[in-house]
Structure formats: structure tokens, C-alpha cells
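# Breakdown of the fold
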Amino acid sequence: MKRLAIAVVLLVVLLSVSGYSLWSLRQLTTQLTQTAQQLRELPTDGPLEEASRDLVRQWEKAEDQLVLYVNHEKLERISQTAAELLALAQYEDYSIFYSKVDLLITQLDGLWEESLPNYRNLL
Amino acid sequence: MLVVFFRTLILYCVIVFGVRLMGKRQLGELQPSELVVTILISNIATLPIEEIDTPLMVGLLPILSLVVFEIIISIINLHFREVRRVFSGTPVVVIHHGVVDQKKLRQLRYSADDLMAQLRSQNIYSLSEVDFALVETTGKLSVYQKYLSRPVTGEALSLQDQPSQNSPPLVLVSEGRVNEAYLELCCKDRKWLEQTIASHHLTLNQVFLLTLDQKGTVELIPREVKK
């Protein structure tokens, strides 16, 4: 019975940790996607560089948490995209800048989609 | 490299904890579900060790989940025979009254060579010695020999029972450490132990092994002196 009790407690802990990681991922990707969309809507003469820097900072903070349960390769790809955004804003390469913002939003959506326990991911 | 070292250490501790939690059955003969869990755990454990890009959680979560599933399944198996039949199968009789059931052997994909090999591993070299044999759910062959082929027992020779010979000697001291539980089992105390060791002109730390049987015979092996 002791073993069963430990197993049940462990099961609850595992499910809680899994659930929390999913919830946390949702929160972080939603926030980052909103920030990226706000950046997308800024005009070319707007504070693109400042906004990009904020986005990168926000991403770095989120990454510290995401490394615990997301494959690092996926996170590195997003880090790369975010870093490119800053450089593109600085050098005023706006067409590529906006396409990179779209890419970032797609990558963040992808991160969330791949974590869902739906039939596509399970199979 | 230090990352790999610490990950290996963490996974090692978790796996040992998991195996201990699953119990002694896991270390003995394995049922099919137990074998599956053992293989899966060993394969999963290598992933976060080999690939540093993979979060440690990706290894720990499935390992602990498998441990939990195995415990729950084993408890369900204990209470429900039908479930046990699904997960572990049932033992199959392959020799009955000395006659080999070839159909059952074919169903088990057990060849004649496999059968003889299993018998030989139990020091049985002729089928004529076997009255009854069954293949357990672990794949092991359990054999009941014919009366005249069985090792001679005291009962067969009509010897008188000797209760003092029924229990094995117990280890009271092992490498200088006293086993309190066995000492209590033998109804002896520390004072008796110290006196016994002193009578051999030794101290507790100088004892490698000390056993006591039901007749009261003490067997003491002193520690070798390091040169």
C-alpha cells in the first residue's frame, strides 16, 4: 500500500508538472506573440529598434523558463530570429524585418502547437 | 562534459530510485510487462545523456511515468486475475504424466532443443525422469520429477526430524557491523556478542564474519590484516 501511495503521489506530481509546463508555455508564447504582433503593426518610422529590443529581452526571460521542458534546438532557432530582428531594425531593412516578425510569430505558434497532446502530435 | 557527468548522475539516482520503488520482483524473473518497462527505461535514459540539447525533464518524466504505470499495473494484476492473464499470460503445461504435449510446445514456439536445454539447466538429462513440467509466464520451465528420480529426502529415508537443523545460520556480524535484527531473532544481546568475540581474543572491528546457527554453534572469521 505504501508503494501504491508513493506511485499515486508521483503520478499526481508528474501530471501537475506536465500541466504546468503546458500552461506556462501557453502564457509565454501568447505574451510574446502579442508583443510581436504589436511590433508588426508599428510603422517604419516608429520605434522599431526599441520595440525589437523589448521583444528580445522578453524572449530571453521566457527562454530561461522554456529550456526546462522545450527542446533547445527549437529555442535556439527562435533566439536567432529575434536577434536578426534587432539587427534589421537597426539597419532599417524593413521588408525583411517584417517578414522576420511573421516568421517569429509562426515559430512561437509552432512551439505551442507541437506541445499539445492532440492526435497529430501523438501519432 | 561536466553537464554530461551530472546528467548521468541524476539519471542514475532516479533510475535506482525507480527500480527500488518497483520492488524486488523487478530484479528477479521478469514478467512481460516488467521486461518492457526495463528495456524502455534503459533506452529512454540514454537520450538526455547523449543529447545535451534535450531537456533533462524529457528523460525523467517518461522514466518516472513508466515506474508509476508498472506499480499500478502490478497492483491491479494482484487483485484481478483476468487482468493478470492479459498482462502476464498463464503458465502452460507442456509435460503431463511424462508425455510431452507437442501441440502446446508449438504454440509456445518452444523447440525440442529448447525443452532439453531447460531440463539440462536443472540437471535433468532424460525426459523419462520428468512427470510434470510447465512453462511459467516468465518463460522458465518448472519441473516435477518422477518419484524415483527425485533427490533423496530425509523423509524418504524415514529419518527423524531435527528441528535444530531446520533454520540456516544467521549473520550476526558482517565486516565489523552488527546486524541488530538477526541478533534479536537469535534471542541474543550485545553483551553475549561482545563476550563471544572477546573469547576469540578479538574486538568487534576485527571480525569479518560471525554466524550463529540454531544449535548455538558460532562461526567466526577474523578480518585479514592489511599489509
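From a predicted model like this one, the values you see are computed outputs, not experimental measurements.

To continue, consider the layout of surface pockets. When its volume is computed, the largest pocket comes out at roughly 770 Å³. Lining the largest pocket are 27 residues; nearest its centre among them are A:S21, A:Y69, A:S115, B:V58 and B:L61. Listing elements by their share of the lining of the largest pocket, those giving two or more residues are α1 (2-41), α4 (94-115) and α5 (119-122) of chain A together with α3 (57-79) of chain B. By residue number, the principal contributor to the lining of the largest pocket is α1(A), which donates seven residues. Here the lining of the largest pocket is built from residues that sort into 17 nonpolar, eight polar and two charged.

As a general rule, the predicted coordinates of low-pLDDT regions are not to be interpreted in detail. Mean pLDDT over chain B stands at 88; residues scoring 70 or higher make up 97%. As scored by the predictor, the complex reaches a pTM of 0.73 and an ipTM of 0.77.

Let us look at the side chain of B:S65. Counting through the fold element by element, B:S65 comes out in helix α3. Classification of B:S65 as buried rests on a relative accessible area of 15%.

Residues and elements named next belong to chain B. Of note, H200 is situated in the loop between α8 (190-199) and β7 (207-212). Look at H200 and you get partly exposed, because its relative accessible area is 38%. The spatial distance from the C-alpha of H200 to the C-alpha of V152 is 39 Å, given a sequence separation of 48 residues. Here T196 takes part through its backbone oxygen, which lies 3.0 Å from a polar atom of the side chain of H200.

Right, let's talk about the interface of chain A and chain B for a bit. Contacts between the two partners involve 17 residues from chain A and, on the opposite side, 18 residues from chain B. Carbon and sulfur atoms supply 75% of the area buried between chain A and chain B, which totals about 1500 Å² over both sides. By the criterion of area lost to chain B, the three top residues of chain A are A:R3, A:L10 and A:L14, representing 35% of everything that side buries. Linking chain A with chain B are zero salt bridges, by the criterion used here. Inspection of the region where chain A meets chain B yields two residue pairs in polar contact (both at pLDDT 80 or more).

Turning our attention to a nonpolar patch on the surface. A cluster of nonpolar side chains, A:V9, A:V13, A:V17, A:V67, A:L68 and B:M57, forms an exposed patch at the surface whose accessible area comes to about 440 Å². Relative to the assigned elements, A:V17 resides in helix α1. With a relative accessible area of 32%, A:V17 lands in the partly exposed category.

All names here are of chain A. Following the criterion strictly, the structure yields seven salt bridges over all chains and no others. R40 is paired through a salt bridge with D102; the nearest N and O atoms lie 2.7 Å apart. Of this pair, R40 sits in helix α1 while D102 is found in helix α4, placing the two residues 62 residues apart along the sequence. The partner of E84 in a salt bridge is K100, and the shortest N-O contact between them spans 2.6 Å. With a gap of 16 residues between them, E84 in helix α3 (residues 72-90) and K100 in helix α4 connect regions that are remote in the sequence.

What counts, and at which threshold
- Residues numbered from 1 in each chain as written.
- Chains lettered and ligands numbered in written order.
- Predicted model: local features only at pLDDT ≥ 70, side-chain atom pairs only at ≥ 80, totals over all residues.
- Heavy atoms only, no water.
- 1 Å grid on protein atoms, 1.4 Å probe; cavity = no way out; pocket = protein on both sides within 12 Å on 5 of 7 lines; lining within 4 Å.
- Points joined across faces, edges and corners; volume = space filled by probe spheres on them.
- Helix = DSSP H or I, 4+ residues; strand = E, 2+ residues; numbered from the N terminus.
- Nonpolar A, V, L, I, M, F, W, Y, C, P; charged D, E, K, R; others polar.
- pLDDT = per-residue confidence, 0-100.
- Buried < 20%, exposed > 50% of the residue type's maximum accessible area, 1.4 Å probe, protein only.
- Polar contact = N/O pair within 3.5 Å; in protein donor to acceptor, adjacent residues only side chain to side chain.
- Contact = heavy atoms within 4.5 Å.
- Buried area = accessible area lost by both parts, 1.4 Å probe.
- Salt bridge = Lys/Arg side-chain N within 4 Å of Asp/Glu carboxyl O.
- Patch = residues over 30% accessible without salt bridge, like charges linked within 9 Å, V, L, I, M, F, W, Y side chains within 5 Å.
- Areas by Shrake-Rupley, 256 points an atom, 1.4 Å probe, with all protein chains shown as cover.

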